[in-house]
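Descriptive structure summary
Single-letter residue listing:
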Amino acid sequence: MKISSFGEVLWDDFPEGKVLGGAPLNVLVRLSALGADCAIVSRRGSDEDGEELLRRIAAKNVATHLIQTDPEHATGLVKVSINHDGSGSYDIVYPCAWDKIAVPAAALEHVADSDALVFGSLSSRDAASRAALDALLDAARFKVFDVNLRKPHYRPERVCELMRRSDLVKLNDDELYELAAELGSPYHGLEQNLHYLAQAVGAPHICVTLGAHGAIYYCNGQTHAHHGYRVQVADTVGAGDNFLAGFVYKLLSGASPADTLAFACAWGALAASHHGATPELSLADVEELMHPSGAQQAV
């Protein structure tokens, strides 16, 4: 399985120190741990933060040859605050190097040769990276849109345009309601809005995450649900990215909707039970969460 991603590589600056981050990178880190061949198209500053970022990404077995160096803009930084329930709030510094991603021929070739391209809405906040993403979408085989609505860094009309160009859209329930309303939905129910959004944008696969309550998946006109796994939450930073990695891995492997959702929800829950976006986790950890050893067969 060969996966590319496009967008932000950065440092999440927590009160206790900096941690490697950026949603498109977090997804690849987990996919690489699952055995996928992963590379990210991005840009970093010509600074010490950028050098250390490259070292850390390479150590996660994600290819760095498509990460450009910007001589003018600093490596990306996000100042993260965690509230009492483990949820994060983000101050995303602008502009920075990943706002200025270009599209060399090597990036186009790599994306065209990949099984999927993963990207988010944040990378469209600047005209330079927005144009680069448009070019890569034209080359991609299977387009995975990870919606991350971070005010004031998005325009709803651009997000809707990207959904129309995508094969798989992942978003949370608040984002679903906001974007469905943007497209004229008169509905109040989650499934009603999911079907409305699916019809409005034409994406064949849409997955809506529901935090601790699992996720719902629209595919071929039908919805499938998983109600999640209960864990002790450390923080939710990166939980959605780990969920998406598990979802993409199973979907591209040909798993059933039920198995795909269960696997993805397990990765998201495990990530939330640890600090940071890409904690060290294994398939054995996932299996233990999904099928606890010694548990009796449910009646």
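Each remark here, short or long, concerns the structure printed above.
Residues numbered from 1 in each chain as written. Predicted model: local features only at pLDDT ≥ 70, side-chain atom pairs only at ≥ 80, totals over all residues. Heavy atoms only, no water.

A few words now on the overall build of the protein chain. When helices and strands are tallied, the protein chain shows ten helices and 13 strands. Radius of gyration (C-alpha) of the protein chain: 18 Å, near the 19 Å computed for a compact globule of 299 residues. Across its three principal directions, the C-alpha atoms of the protein chain cover 60 × 45 × 40 Å. Put simply, the protein chain has 299 residues, and 52% of those count as buried. (Helix = DSSP H or I, 4+ residues; strand = E, 2+ residues; numbered from the N terminus. Rg over C-alpha atoms; globule rule 2.2 N^0.38 Å. Buried < 20%, exposed > 50% of the residue type's maximum accessible area, 1.4 Å probe, protein only.)

Attention now goes to helix α8 (residues 239-252). In this model α8 runs 20 Å from its N-terminal to its C-terminal C-alpha over 14 residues, within 8% of the 20 Å that 1.5 Å per residue would give. Within α8, ten of the 14 residues are buried, which leaves the element mostly enclosed by the surrounding structure. Residues of α8 that are buried include every one of Ala-239, Asp-241, Asn-242, Phe-243, Leu-244, Ala-245, Gly-246, Phe-247, Val-248 and Leu-251, and no others. (Expected span 1.5 Å × (residues − 1).)

The next subject is the side chain of Arg-158. Looking at the secondary structure, you find Arg-158 in helix α5 (residues 156-164). Overall, Arg-158 belongs to the buried group, its relative accessible area being 5%. Engagement of the side chain of Arg-158 in a polar contact is seen with the side chain of Ser-124, the distance being 3.0 Å. Aside from chain neighbours lying at most four places away, what touches Arg-158 is Ser-124, Arg-130, Leu-133 and Asp-134. (Polar contact = N/O pair within 3.5 Å; in protein donor to acceptor, adjacent residues only side chain to side chain. Contact = heavy atoms within 4.5 Å.)

Below, the discussion takes up the pairing of strand β13 (residues 222-226). Relative to β13, strand β12 (residues 215-219) runs antiparallel, the two sharing five bridges. Residue pairing across strands places Ala-215 opposite His-226, the latter belonging to β13. Linkage of β12 to β13, two consecutive antiparallel strands, is achieved through a turn of two residues, within which Asn-220 is found at a positive phi near 55°. (Pairing = 2+ DSSP bridges.)

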